[in-house]
Amino acid sequence: MTSVADFVLERVRGWGVERVYGYPGDGISGLLGAFDRAEDGPEFIQARHEEAAAFMACGHAKFTSEVGCCVATSGPGAIHLLNGLYDAKLDHQPVVAIVGQQKRMSLGSSYQQEIALERLFADVSEYCQMIVHPGQARHVVDRAFKTALTTRSVATIIIPGDVQEEDAQPSPPKEHGSVFSSIGWSRPRVLPDEKELRRAADVLNEGSKVAMVIGQGAAGAEAEVMETAELLGAGVGKALLGREVLPDDLPYVTGPIGLLGSTASDDMIRGCDTLLMVGTSFPYAEWLPDEGQARGVEIDIDGRMIGMRYPMEAHLVGDATETLRALIPLLRRKEDRGWRRKVEAGVEEWRRVCERRAAQSFDGRINPQAVIAELSPRLPDGCLLTADSGSATNWWARHLDLREGMHASLSGTLATMGPATPYAIAARFAHPDRPVIAIIGDGAFQMNGMNEMITVKRYADRLAGGPPLIFCVFNNQDLNQVTWEQRALAGDPKFPGSQDLPDVPYARYAELLGLKGVYCDDPEEVGNAWDTALRSDRPVVLEFRVDADIAPIPPHVPFEQGKKTAKATLRDPDGAAVVTRGVRQRLASLTGRFGGRGGSA
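All residue numbers here refer to positions counted from 1 along the written sequence of the relevant chain. Local features in this predicted model are restricted to residues whose pLDDT is 70 or higher, and side-chain atom pairs enter the listing and the counts only when it is 80 or higher, whereas totals over whole chains, interfaces and linings include all residues. The side-chain figures draw on all heavy atoms in the structure; neither hydrogens nor water molecules are used.

(A) Layout of the overall build of the protein. Of the regular secondary structure elements, the protein holds 24 helices and 18 strands. Rg of the C-alpha trace for the protein: 25 Å, near the compact-globule value of 25 Å for 601 residues, within the 12% margin. Judged by the C-alpha coordinates and their principal axes, the protein covers about 70 × 65 × 45 Å. By the burial criterion, 60% of the 601 residues in the protein qualify as buried. Whether two residues are in contact is decided by their heavy atoms: any pair within 4.5 Å suffices. A separation of at least 24 residues holds for 75% of the contacts in the protein among residues at least 6 apart in sequence. Note on areas: Shrake-Rupley with a 1.4 Å probe; residue coverage comes only from the protein chains shown. Accessible area of the protein: about 23,000 Å², with a carbon and sulfur share of 49%. In this description a helix means any DSSP run of H or I spanning at least four residues, a strand means any run of E spanning at least two, and both kinds are numbered starting from the N terminus. The quantity called the radius of gyration is restricted to C-alpha atoms. Its globule counterpart is 2.2 Å times the number of residues to the power 0.38. Here's how the labels work: a residue is buried when its accessible area is under 20% of the maximum for its type, exposed when over 50%, partly exposed in between, all with a 1.4 Å probe on protein chains only.

(B) Structural detail: the confidence of the model for the protein. Per-residue confidence for the protein gives a mean pLDDT of 91, with 92% of residues at or over 70. A low-confidence stretch, residues 558–601 (pLDDT under 50), is modelled with 119 contacts involving residues beyond four sequence positions or located in other chains. Scored from 0 to 100, pLDDT records how confident the predictor is in each individual residue.

(C) Quick peek at the pattern of salt bridges. For this analysis, a salt bridge means a side-chain nitrogen from Lys or Arg found within 4 Å of a carboxyl oxygen belonging to Asp or Glu. The tally for this structure, following the rule as stated, stands at 34 salt bridges. Here Arg 378 ties to Asp 531 by a salt bridge, and the two come within 2.8 Å at their closest N and O atoms. Within this pair, whereas Arg 378 is found in the loop between α14 (368–375) and β13 (384–387), its partner Asp 531 is found in helix α22 (residues 526–535), the two being separated by 153 residues in sequence. A cluster of three or more residues bridged by salt bridges with shared partners is formed by Glu 230, Arg 333, Glu 335, Arg 337, Arg 340 and Glu 344.

(D) Broad picture of helix α2 (residues 29–37). The set of residues buried in α2 consists of Gly 30, Leu 31, Ala 34 and Phe 35. Summarising the axial view, the buried residues of α2 lie within an arc of 140°, below the 170-degree limit, and thus occupy one face. Directions from the helix axis toward the C-beta atoms define the arc.

(E) Structural detail: the packing of aromatic side chains. Two rings from Phe, Tyr or Trp (for Trp, the six-membered ring) form a pair when their centres are within 6.5 Å of each other. A pair whose planes differ by under 30 degrees is stacked, one over 60 is edge-to-face, and the rest are tilted. Throughout the structure, instances matching the rule amount to eight aromatic pairs. Taking the centre distance of 5.9 Å and the plane angle of 40° together, the rings of Trp 530 and Phe 544 count as tilted. Note that Trp 530 is positioned in helix α22 and Phe 544 in strand β18 (residues 540–545), a separation of 14 residues in sequence. Note on accessibility: Trp 530 and Phe 544 belong to one class, buried. Stacked on the ring of Trp 396, the Lys or Arg Arg 243 has its end atom at 4.8 Å from the ring centre. Consider the ring centre and the ring normal. A charge sits over the ring if Lys NZ or Arg CZ is within 6 Å of that centre and within 35 degrees of that normal.

(F) Broad picture of the environment of Ala 438. Turning to its location among the elements, Ala 438 is positioned in strand β15 (residues 436–441). Since its relative accessible area comes to 0%, Ala 438 is described here as buried. Ignoring any residue separated from it by four or fewer positions in sequence, one finds Ala 438 in contact with Thr 386, Ala 420, Ala 424, Ile 470, Phe 471 and Cys 472.

(G) Fine view of the sheet that holds strand β7 (residues 210–214). As summarised here, the arrangement of the six strands in space is β9-β8-β7-β10-β11-β12, forming an open sheet in which the pairing is parallel. Whereas interior strands pair on both sides, the edge strands pair on one side only; in this sheet they are β9 (253–256) and β12 (314–317). Sheet twist, expressed as the average angle between the axes of neighbouring strands with direction ignored, equals 15°. Paired strands are those between which DSSP finds at least two bridges. Examined bridge by bridge, strand β11 (residues 295–300) and β12 share four bridges and lie parallel to one another. Its bridge partner lying in β12, Ile 299 is registered against Leu 316. Here helix α11 (residues 263–271) sits on the sheet and contacts β7, β8 (235–238), β9 and β10 (274–278); the angle it forms with β9, its principal contact strand, is near 110°. To get an axis, a line is fitted to the C-alpha atoms, and for a helix only the part in contact is used. The angle between two axes follows their N-to-C directions and goes from 0 to 180 degrees. Taken strand by strand, helix α12 (residues 320–327) contacts β10, β11 and β12, and its axis lies near 130° from that of β11.

(H) Spotlight on the packing of helix α3 (residues 50–64) against helix α5 (residues 82–90). Look at α3 against α5: their axes get within 7 Å of each other, and the N-to-C directions meet at 20°. Classified by the interaxial angle, the pair formed by α3 and α5 is roughly parallel. Of the two possible hands of crossing, α3 and α5 adopt the one that is right-handed. Within the contact between the two elements, α3 uses Glu 51, Ala 54, Phe 55 and Cys 58 and α5 uses Asn 83, Gly 84, Leu 85, Asp 87 and Ala 88. Orientation categories follow fixed angle ranges, with anything under 35 degrees roughly parallel, anything over 145 roughly antiparallel, 65 to 115 roughly perpendicular, and all other angles oblique. Rotating anticlockwise by less than a right angle from the far helix to the near helix defines a left-handed crossing, while the corresponding clockwise rotation defines a right-handed one.

In structure tokens, the structure reads:
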């Protein structure tokens, strides 16, 4: 007889899930047995920690546009999922979590590992339901997937241990209270009101200096975004989650925006008279036009967030692709291309700035900007890129030029430490024929990345032998982004008691596991180190010993001034005064971000 656990996995497989990331425990014993019996899948992929399993599920969703799935035992195992699930929730990724619970007869007795899971998962989940009867399993699983897809968020299924082992009821008796659900979902067409479209077109047609900011909501609308930008003579800045939407070799793409942004994006925003935001919830007002400077139009599929970041005159609630297709016929091509030429000149100047910054080094140490600058022209076609939270994210955002067909992601909104490695593992499982490169600070790698190298070892026969799989670690022995936030926000020197990290031989650790380790501490050998890693037929940990005193400074602050700040504040709190008041105000917006922990939506 088929058990409830068997039926649940069969139903999950029916929704297209090929692998479920998790960690075992006795609260899911019934499910583990079912995984073992499930010849047609889904496959159980054992992470080293439930948090990493949830990150893998989120990464799978990001790199496939499918539902990611993770599983954990009751009590502590379920709790461990939460950070990865919040990452999925805040970055709008469909993830279904399946968690165990104590047997029904013990609930309410403060039994060992008994947690009020429905309350625990209520905030992170758009749908959270415990299966207390075999006849529920069918519609609970179906609704979890339908909800995750519809809301682009998290759904949680809780299954007590005794229910997992009961006989399944694939088709409950036809009586009052029974529910008969089906597998299936289709993406809707969501279009805004026609009057609002005409209002938006009027605003955009009347503007002479249009700036566009796009996010991950513009994914799939690449052609429409380019046509809109061409008609409006606009420049296009990209929030980090939207950086793969347009390739960086387009002359009017100004690159990232915000603290991790470019001078080209900053100049465009400062000079624009009209702002068009497409599929982004970029939240930092100090990097957007001053209120009253620009007229605004926004496209977002979530009406709850429309007009929440900048005062808009036209609020287009709809899918980016469909909305732009409806809007484009109403737009007039701007014959005066002076603004576009100015934007493109700003992009060219920014590229020169990046080249100058990456070319500088001090005291014979590797400039971390050079690590990414050397990687950028070496990126294999179709590669998948992940980044963690920390100062390395600055260089990943600014110095890495994506070409068409590449995909990149990070923890944009939760901006937690730790997802780059599990994202990369999930990306490689989903796309075994594509190169995968993760950029990770040593703090994040020590936090959980090193453990997940054991996962790479466990599945080496699946993850090796194909295109490159590289985990690039920036070793500066410092929680560097927080160190800089301390200097810039409070005028304090680095506090070694909280910021110093032990020096760990990451490349040698990889070799101990049977992986490839590459170590580089010579500025002249950075390119060669990348070449060695990219030629490897095994997963690689590529370790660079980088200069911790290269400041992740915002646009318009000269490199030399950032360097001076670093030297002045190593021991002298007053030295932080070289950071200008304006820079300090801008950095203040990112308290607790990137290594202290943070990201860009």
